[in-house]
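Residue strings, one per chain:
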Amino acid sequence: MFQSISQCLNSTTSTLFHARQVHAHFLKFGLFSNTQLTTTLLTLYSHYLPFPQLKIILSSLPQPTIFSFSSIIHSFARSQHFHHVLGAFSQMGSRGLVPDSYLLPSAIKACAVLKALKPGRQVHAFASVNGFGSDSVLMSSLVHMYLKCNRIEDAQKLFDGMCERDVIVWSAMIAGYSRLGIVDRAKELFNEMRNEGVEPNLVSWNGMIAGFCNAGSYDEVVMLFREMISDGFFPDGSTVSCVLPGIGNMEDVLMGEQVHGYVIKQGLESHNFVLSALLDMYGRCGCASEMSRVFDEIDQTEIGSLNAYLTGLSRNGLVDTALEVFKKFKAREMELNVVTWTSIISSCSQNGKDMEALQLFRDMQADGVEPNAITIPSLIPACGNISRLTHGKEIHCFSLRNGIFDDVYVSSALIEILEKSEKLSIEIKKSGYLPMTKSVLQDVEEQDKEQILCGHSEKLAVVLGLINTSPGQPLQVIKNLRICVDCHAVIKIISRLEGREIFVRDTNRFHHFKDGVCSCGDFW
DNA sequence: ATAGGGTTAG
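Counting from 1, residues in each chain are numbered in the order their sequence is written. Chains and ligands are labelled sequentially in the order written, the chains with letters from A and the ligands with numbers from 1. At least 70 in pLDDT is required for a residue's local features to be given in this predicted model, at least 80 for side-chain atom pairs to be given and counted, and no such filter applies to totals for whole chains, interfaces and linings, which use all residues. Only hydrogens and water are removed before side-chain values are computed, so all heavy atoms of the structure are retained for them.

Visitor: Can you explain the overall build of chain A? Please cite residues and give values.
Guide: Strands are runs of DSSP state E lasting at least two residues, helices are runs of H or I lasting at least four, and both sets are numbered from the N terminus onward. Regarding its fold elements, chain A presents 30 helices and four strands. Sorting the 524 residues of chain A into buried and exposed places 47% on the buried side. A separation threshold of at least 6 residues defines the contact pool for chain A, and within that pool the share at least 24 residues apart is 60%. Every accessible area reported is derived by Shrake-Rupley at a probe size of 1.4 Å, with residue values counting cover from the shown protein chains alone. Taken as a whole, chain A presents about 26,200 Å² of accessible surface, with 53% of it coming from carbon and sulfur. Categorising residues by exposure relies on relative accessible area from a 1.4 Å probe, with only protein chains included: less than 20% of the type maximum marks a residue as buried, more than 50% marks it as exposed, and the intermediate range marks it as partly exposed. The contact criterion used is simple: two residues touch if any of their non-hydrogen atoms lie within 4.5 Å.

Here's what the structure looks like:
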């Protein structure tokens, strides 16, 4: 009978229905003690049953073996339940079952995806002790894990020690350096790989193109794209979705259209992320009608597509259309997320629809969607135009309540909002103040420098002090670094405009600001 | 009996 059950389980025509029938037999005749049979049943189930049910079956096994765990863990990995891969893995360990070299890569991959360096290192140690150091698949997965955890030196060391380096581990290295923005090194590796006689494949190309795209080297992206095509490769969905942002950024509509044609020819439209990338490209190139046409083809049940469309409409100044689309999808009771809300709020805010922007900000909270560190800065224009302190205060309170106040962008946005509401910024500028961008040591553009100055903590502290205390009350600020010249100048002006005494203690001295003068006599 | 690693996306 065992044989016939086994045959039934292994038959390629098996279905969930058959599996359940056999399962019933197991229960009826108490066959669960035969671990070989249960493993086969489990494997069969693992292809049909959703994850939660598989978990229940695993925990119901009286004597799980390395085989049952293996079957289940690989299934968890296939369905991308990486937390549970690690969970099952440690459960296995606590039962005294030892994993083999085939099972370890699944555990390591889970560590890589979850960026779980500590368990990753543990598995590495286990693999070394058990003599798996020359298993190139296992070593490749470790290299990948270290790269994902940003341990590039560990990865390089392992990679250097490998005796067999195939296209997969080379591609992992190339993609790893690319992700970290070290694109020159990625390119170097690409050439080294060729010199060693390992031929790059589509994944190697994709990894490198993705890196250059991320680094904003769009010329290079397009060059590589051309090169891979002339090398005889056919770009796939990944390639295209990396190349399109580059094309969009260069606003090269002609090339964008060529890629669109290619997408249709190769049937890549079935990938939603390819269509989203196309939509985004048209949006950046100012082709609003093309953008809408692409949106009509997209699977609109995916929130990401809607978000991309709203952003594109906003970019092209089509706020009313954006609002229309937004309302339509809201009416459909589609679940809108922070990105959707932020996108429409920012669209209104940037296009003079101040009241709408603020109302939407309230609506999103009423809907139970928490604003994030991008939502707040997007409200700046709306608050500035309305020039009403209440709105600034409302947003300020929100940020304090939700603990997103520590974010640099949020805090500088708040300062901007409050300054505009308290017309403080204009007054400060009127007093002849010029931002002393020399105080910004970072290597960034002039405009960004002004922005950075605006976010300095001492200014932040003073402006916050202003709104949280009653007029005329003195303010005290303690700082564990030296105050910068720009802040010093601004606080002098504020002390005069607001008629406040402000005390700032920095690492060097006490500064007592009053009537536009500082006690340090500008000795600073 | 179980059966491995690399690229995309927002």
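Visitor: So what's going on with the pattern of salt bridges? Which residues, and what values?
Guide: Each salt bridge in this description consists of a side-chain nitrogen of Lys or Arg and a carboxyl oxygen of Asp or Glu lying within 4 Å of one another. Evaluation of the coordinates by the stated rule reveals 10 salt bridges. A cluster of three or more residues bridged by salt bridges with shared partners is formed by R185, E188 and E192.

Visitor: I'd love a proper account of the protein's contact with DNA strand B, names of residues and values included.
Guide: Being near a molecule or strand, for a residue, means having at least one of its heavy atoms within 4 Å of it. Residues in close proximity to DNA strand B total 33 residues, the closest being F67, S140, D166, N206 and F273. A share of 38% is what sugar and phosphate atoms reach among the atoms of DNA strand B within 4 Å of the protein. In the analysis that follows, any N or O atom pair within 3.5 Å is treated as a polar contact, provided that within protein one partner can donate a hydrogen and the other can accept it, and provided that, for residues neighboring in sequence, both atoms belong to side chains. In the model, a base oxygen of DNA strand B is placed 3.3 Å from a nitrogen or oxygen of the Y102 side chain. In this structure, D166 approaches DNA strand B through a side-chain N or O atom, which is 2.6 Å from a base nitrogen. Listed by contribution, the elements that provide at least two residues to the surface near DNA strand B are helix 3 (35–48), helix 5 (66–78), helix 7 (104–113), helix 9 (136–148), helix 11 (167–179), helix 13 (202–214) and helix 15 (237–250). A per-element tally of the surface near DNA strand B places helix 9 first, with seven residues. Here the residues of the surface near DNA strand B sort into 13 nonpolar, 15 polar and five charged. Residues are grouped as follows: Ala, Val, Leu, Ile, Met, Phe, Trp, Tyr, Cys and Pro are nonpolar; Asp, Glu, Lys and Arg are charged; every other residue, Gly included, is polar.

Visitor: Please set out empty space enclosed by the protein residue by residue, giving values where relevant.
Guide: With a 1 Å grid laid over protein atoms only, a set of points is called a cavity when a 1.4 Å probe fits there but cannot get out and a pocket when it is open yet has protein on both sides within 12 Å along at least five of seven lines; lining residues have an atom within 4 Å of a point. Grid points are joined across faces, edges and corners, and a volume is the space filled by probe spheres set on the points. Following the criterion strictly, the structure yields one cavity of 30 Å³ or more and no others. Here the largest cavity is characterised by a volume of approximately 40 Å³. The greatest single-element share of the lining of the largest cavity, amounting to three residues, is contributed by helix 3. Per-class residue counts for the lining of the largest cavity are four nonpolar, six polar and no charged.

Visitor: So, the nonpolar core: which residues are in play, and what are the values?
Guide: Counting 124 residues, the largest nonpolar core has V143 and M145 as its most contacted members. Residue contacts for V143: discarding those within four places in its chain leaves A155, L158, F159, M162, V169 and M173. Among the buried residues, those of types Ala, Val, Leu, Ile, Met, Phe, Trp, Tyr and Cys that are joined through side-chain atoms within 4.5 Å form a nonpolar core. Core analysis: the next-biggest nonpolar cluster, separate from the first, contains 12 residues, C484, I494, V504 and C520 among them.

Visitor: Explain the environment of V338 to me, and be specific about the residues and the numbers.
Guide: Within the secondary structure layout, V338 lies in helix 21 (residues 338–350). The exposure class assigned to V338 is partly exposed, which follows from its relative accessible area of 23%. V338 sits 108 residues away from S230 along the chain, and the two C-alpha atoms are 42 Å apart.

Visitor: If you had to explain the UniProt feature "repeat: PPR" (unreviewed entry) in chain A to someone new, which residues and values would you point to?
Guide: UniProt positions are given in the numbering used here, feature names are shortened, and annotations may be inferred rather than shown by experiment. Following the UniProt record, the feature "repeat: PPR" (unreviewed entry) maps to residues 65–99, 135–165, 166–200, 201–235 and 337–371 here. Structurally, residues 201–235 is divided into 74% helix and 0% strand, and its ends, taken at the C-alpha atoms, are 11 Å apart. From the first C-alpha to the last, residues 337–371 spans 10 Å; its make-up is 74% helix and 0% strand.

Visitor: Can you lay out helix 22 (residues 354–366) for me, pointing to particular residues and giving the numbers?
Guide: Between its terminal C-alpha atoms helix 22 stretches 19 Å, which fits the 18 Å expected from 13 residues at 1.5 Å a residue. Taken as a whole, helix 22 has its buried residues at D354, A357, L358, L360, F361 and M364. Along the long axis of helix 22, the arc covered by the buried residues comes to 155 degrees, so they all point the same way. Remark: G368 follows helix 22 within two positions and exhibits a positive phi of approximately 85 degrees. One less than the residue count of a helix, multiplied by 1.5 Å, gives the span that helix is expected to have. Note that the arc is computed from the directions linking the helix axis to the C-beta atoms.

Visitor: Can you break down the pairing of strand 2 (residues 502–505) residue by residue, with the values?
Guide: Of the two faces of strand 2, only the one carrying I502 and V504 is buried; F503 and R505 on the other face are not. Each pair of strands is called paired provided DSSP finds at least two bridges between the two strands. Note that strand 2 and strand 3 (residues 510–514) share four bridges and pair antiparallel. If you follow I502 over to strand 3, its bridge partner there is F513.

Visitor: An account of helix 8 (residues 117–129) is requested, with residue identities and associated values reported.
Guide: Each full turn of the α-helix corresponds to 3.6 residues, which orients residues three or four apart in the same direction. Taking 1.5 Å as the rise per residue, helix 8 with 13 residues should run 18 Å; its terminal C-alpha atoms sit 18 Å apart, in good agreement. Considered for burial, the residues of helix 8 that qualify are L117, G120, V123, H124 and A127. On an axial view of helix 8, the arc spanned by its buried residues comes to 120 degrees, and they lie on one face. Every exposed residue of helix 8 that faces more than 90 degrees away from the buried side is listed here: K118, Q122 and V129. Looking at the buried positions of helix 8, the neighbouring elements they touch are helix 7, helix 9 and helix 10 (152–161). Of the residues trailing helix 8, G131 is marked for its positive phi of about 75 degrees.

Visitor: Please set out the layout of surface pockets residue by residue, giving values where relevant.
Guide: The space that makes up the largest pocket amounts to roughly 700 Å³. Lining the largest pocket are 25 residues, with H144, I168, S171, A172 and V203 sitting closest to its centre. By residue number, the principal contributor to the lining of the largest pocket is helix 11, which donates seven residues. Looking at the lining of the largest pocket, its residues break down into 10 nonpolar, 12 polar and three charged.

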